[in-house]
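The chain contents come next:
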Amino acid sequence: MATATQKKSYAARLGVLAVALSLVTACLLGGTMAKYVTEVSGTGSATVAAWSFKANEKTDTFTVDLAKTAYTNINNTGGNKIAPGTEGSFDIKLDASGSDVAVDYTIAFSNLQNKPTNLKFYSDKDKGTEISDLANAFTGTIELKDVGTAVTKTVYWDWTIGADEAANTDDTTDGTNPEAMTFDIKVTGTQKEPVAPAA
């Protein structure tokens, strides 16, 4: 039979063994769960490109009166009227100053009412190129490097005096009980689609 001293010795050994096992288990588990951890935070931002486009210094509407753009006046009338033998021009100034993107533009004429039959529009001063497709009178691009420089498109018009009897008849018909000629001009500026740089 074990003595009291031997019992205390066993108990002490068991206590030491339990503590040792606890330490070993803690070390093993602690070593298994340990790892390096770094958290990095960031923020995002973007600067939005500016857009600016005007036609004849306007962003909404402008007016053109052909009679006030005539090179030649009608003799013996109150002025500010057009008739066979008059001609003139008017400018449409496109301005993309302040824009951070290139601009594609179109200038279109539509809804022509009471236009004299022999009145023609041209894209050149010599009247060699008639604008036959008024719905797409001018198209083009203001490249990004050029947005600070206005682009001016000049529209030339000419109501030539009739060269034959048919033309004279048309002119006479247009001048009998005349009504005001009206038309719409639509100038559209659109951001040019970005292109990915070459690889």
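What comes next concerns the included structure. (Residues numbered from 1 in each chain as written. Predicted model: local features only at pLDDT ≥ 70, side-chain atom pairs only at ≥ 80, totals over all residues. Heavy atoms only, no water.)

Scanning all chains against the criterion turns up four salt bridges. Across the pair Glu-57 and Lys-93 runs a salt bridge whose closest N-O atoms are separated by 3.1 Å. With a gap of 36 residues between them, Glu-57 in the loop between strand E1 (54-55) and strand E2 (86-95) and Lys-93 in strand E2 connect regions that are remote in the sequence. By relative accessible area, which is 32% here, Lys-93 ends up partly exposed. (Salt bridge = Lys/Arg side-chain N within 4 Å of Asp/Glu carboxyl O. Helix = DSSP H or I, 4+ residues; strand = E, 2+ residues; numbered from the N terminus. Buried < 20%, exposed > 50% of the residue type's maximum accessible area, 1.4 Å probe, protein only.)

Working definition: an aromatic ring pair is given by the centre-to-centre distance plus the angle between the planes. A complete count under the given rule lists five aromatic pairs for this structure. Centre to centre, the rings of Phe-109 and Phe-121 are 6.0 Å apart; their planes meet at 20°, and the pair counts as stacked. One end of the pair, Phe-109, is in strand E3 (residues 103-113); the other, Phe-121, is in strand E4 (residues 119-122), with twelve residues separating them in the sequence. We note that Phe-109, like Phe-121, is buried. Here a set of aromatic residues connected by ring pairs shows up, and it is made of Phe-90, Phe-109, Phe-121 and Phe-183. (Phe/Tyr/Trp six-rings, centres within 6.5 Å; stacked < 30°, edge-to-face > 60°.)

The strand order E1-E2-E6-E4 describes an open sheet built from four strands, whose pairing is antiparallel. Across the chains shown, the open sheet's two edge strands, defined by having one partner strand only, are E1 and E4. As paired elements, E2 and strand E6 (residues 151-159) share nine bridges and run antiparallel to each other. Looking at E6, one finds that Phe-90 is bridged to Val-155. (Pairing = 2+ DSSP bridges.)

Shape is all these values report; function is a separate question.
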